[in-house]
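# Chain and residue survey
Below, each chain spelled out in residue letters.
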Amino acid sequence: MTDRRRLHRALAMALAVVAAVALAAGCSRLDRLDARIDAIADETARDLVRDAVWEHGSKYAWAEAGPLRADVVWTEHRPAGDLAVRQVWIVDPVAWTCRIETPETGEVAVFDDGGGIRLHREGRAVTDPPARARAAGQVRLVTELLAMPASLAGPDREVLYVGNRTGPGEARTWRRLMVTYGRASGAPEGDRMVVEIREGAGRVDRALVRWSELPFAGQPMHVEMEDWRPAGGLLISRLWRFTPVGETGEPVGPLRYTVRVTAVETAAGAPHSEPRP
């Protein structure tokens, strides 16, 4: 293991300790995750979220995993040629914290629930509005998608079951959940996400997102979530493809962004196994 990876692993472990101490003052991580799922008012949506959390690990694995640390390549597909940026993401879907490091620019964005986003470049606070807007969009993407589907039980949101989608020849069916955001989340009114869970497999295949922050700027996009592989007892998608769509859901342009998760690890060891109820 390189010195750099040792440093990042130590950071992830430190974040796990901080989150554990904070949660110990009130309830356990498992209690908090359970409470958020139980708080979903729509019974069908609640059952779908609970089942999806189990299918992508288990509620115990998600609670015990601590922060997820991922090495990521974010690629913007431009007419003049692709622009790829390497980043390190650390996200905790239970404590609802996030850290994004961009080594090439020296930027670090830190988010915690209730504390907002803090952005620094080479150790100095960044106040530039466009840079902060981009950081906000990246935080939204990381917290919502890297920890999918546990992130569906995030704070200050409403999750509703909005019916099924059937594929060509009715060979596959997806159960659809719509996520909207409350005022305390800081998300502008009208932002939303529709998540499609494949019936029978319980796997998240796709999301339709409409987020106001840059680089999305309110443009609806389909996100194909592929290459699900294990990481510390969890299943994590390693490949996301973003394509702009119109109001009917049909593509209105070529592939816009690709996110490749090249490595991911959790702060916890192998989680203990409990029977599914």
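Residues numbered from 1 in each chain as written. Predicted model: local features only at pLDDT ≥ 70, side-chain atom pairs only at ≥ 80, totals over all residues. Heavy atoms only, no water.

### Here's the deal with unusual backbone geometry
Following M148, the chain continues to P149 via a peptide bond in cis, the omega torsion being 10 degrees. Checked against the element boundaries, P149 lands in the loop between α5 (129–146) and β7 (157–166). With an omega of 5 degrees, the peptide bond running from L214 to P215 counts as cis. Backbone geometry at D156 places phi at a positive 55 degrees, although glycine is not the residue there. The phi angle at A217 is positive, at roughly 50 degrees, despite the residue not being glycine. Mapped onto the elements, A217 comes out in the loop between β10 (204–210) and β11 (221–231). (Helix = DSSP H or I, 4+ residues; strand = E, 2+ residues; numbered from the N terminus.)

### Digging into the confidence of the model for the protein
Mean pLDDT for the protein: 85, with 85% of residues reaching 70 or above. Between the elements of the protein, mean pLDDT differs from a low of 45, seen in helix α1 (residues 3–24), to a high of 96, seen in strand β12 (residues 234–244). Low pLDDT (under 50) marks residues 5–25, which in the prediction has 28 contacts with non-local residues, meaning those over four places away or in another chain. (pLDDT = per-residue confidence, 0-100. Contact = heavy atoms within 4.5 Å.)

### Some details on the packing of aromatic side chains
Taken as a whole, this structure holds seven aromatic pairs when the rule is applied. Centre to centre, the rings of W74 and F242 are 6.4 Å apart; their planes meet at 40 degrees, and the pair counts as tilted. Of this pair, W74 sits in strand β1 (residues 68–76) while F242 sits in strand β12; the two residues are 168 residues apart in sequence, bridging distant segments of the chain. Given the relative accessible area of 9%, W74 is considered buried. Between W89 and W240, the ring centres sit 5.7 Å apart and the planes meet at 35 degrees, which makes this aromatic pair tilted. In this pair, W89 is assigned in strand β2 (residues 83–92) and W240 in strand β12, connecting sequence segments 151 residues apart. The pair W89 / W240 is uniform in exposure class, with both members buried. A cation over an aromatic ring shows up here: R140 above the ring of Y181, its NZ or CZ 4.6 Å from the ring centre. Over the face of the ring belonging to W174 we find R165, whose NZ or CZ atom lies 4.2 Å from the ring centre. (Phe/Tyr/Trp six-rings, centres within 6.5 Å; stacked < 30°, edge-to-face > 60°. Buried < 20%, exposed > 50% of the residue type's maximum accessible area, 1.4 Å probe, protein only. Lys NZ or Arg CZ within 6 Å of the ring centre and 35° of its normal.)

### Side note on the side chain of E101
In this fold, E101 is placed in strand β3 (residues 97–102). Within the structure, the side chain of E101 is placed 2.8 Å from the side chain of R99, a separation counted as a polar contact. (Polar contact = N/O pair within 3.5 Å; in protein donor to acceptor, adjacent residues only side chain to side chain.)

### Considering α5
Over its 18 residues, α5 runs 25 Å from end to end, which matches the ideal 26 Å to within 8%, given 1.5 Å per residue. Along α5, the positions that sit buried rather than exposed are A131, A135, A136, G137, V139, R140, L141, V142, T143, E144, L145 and L146. (Expected span 1.5 Å × (residues − 1).)

### Points about helix α3 (residues 43–55)
With 13 residues, α3 should reach 18 Å at 1.5 Å per residue; the first-to-last C-alpha distance of 18 Å fits that figure. Against the buried residues of α3 lie α2 (29–38), α4 (59–64), β7, β8 (173–181) and β9 (192–198). Positioned one or two residues after α3, G57 has a phi angle of 140 degrees, which is positive.

### Here's the deal with the side chain of S151
For S151, the position within the fold is in the loop between α5 and β7. A polar side-chain atom of S151 sits 2.6 Å from the main-chain carbonyl oxygen of E144. Not counting residues within four places of it along the chain, the set of residues in contact with S151 comprises W96, T143, E144 and R157.

### A closer look at the pairing of β10
Most of β10 is tucked away: six of the seven residues are buried. Judged from the six bridges that link them, β9 and β10 form a sheet pairing that is antiparallel. Its bridge partner being in β10, E196 is matched across the sheet by R206. The turn joining β9 and β10, which pair antiparallel and follow one another in sequence, is formed by five residues; a positive phi near 95 degrees is taken by G200. Pairing analysis gives four bridges linking β10 to β11, with the strands arranged antiparallel. Within β11, the residue paired with V209 across the bridge is M221. (Pairing = 2+ DSSP bridges.)

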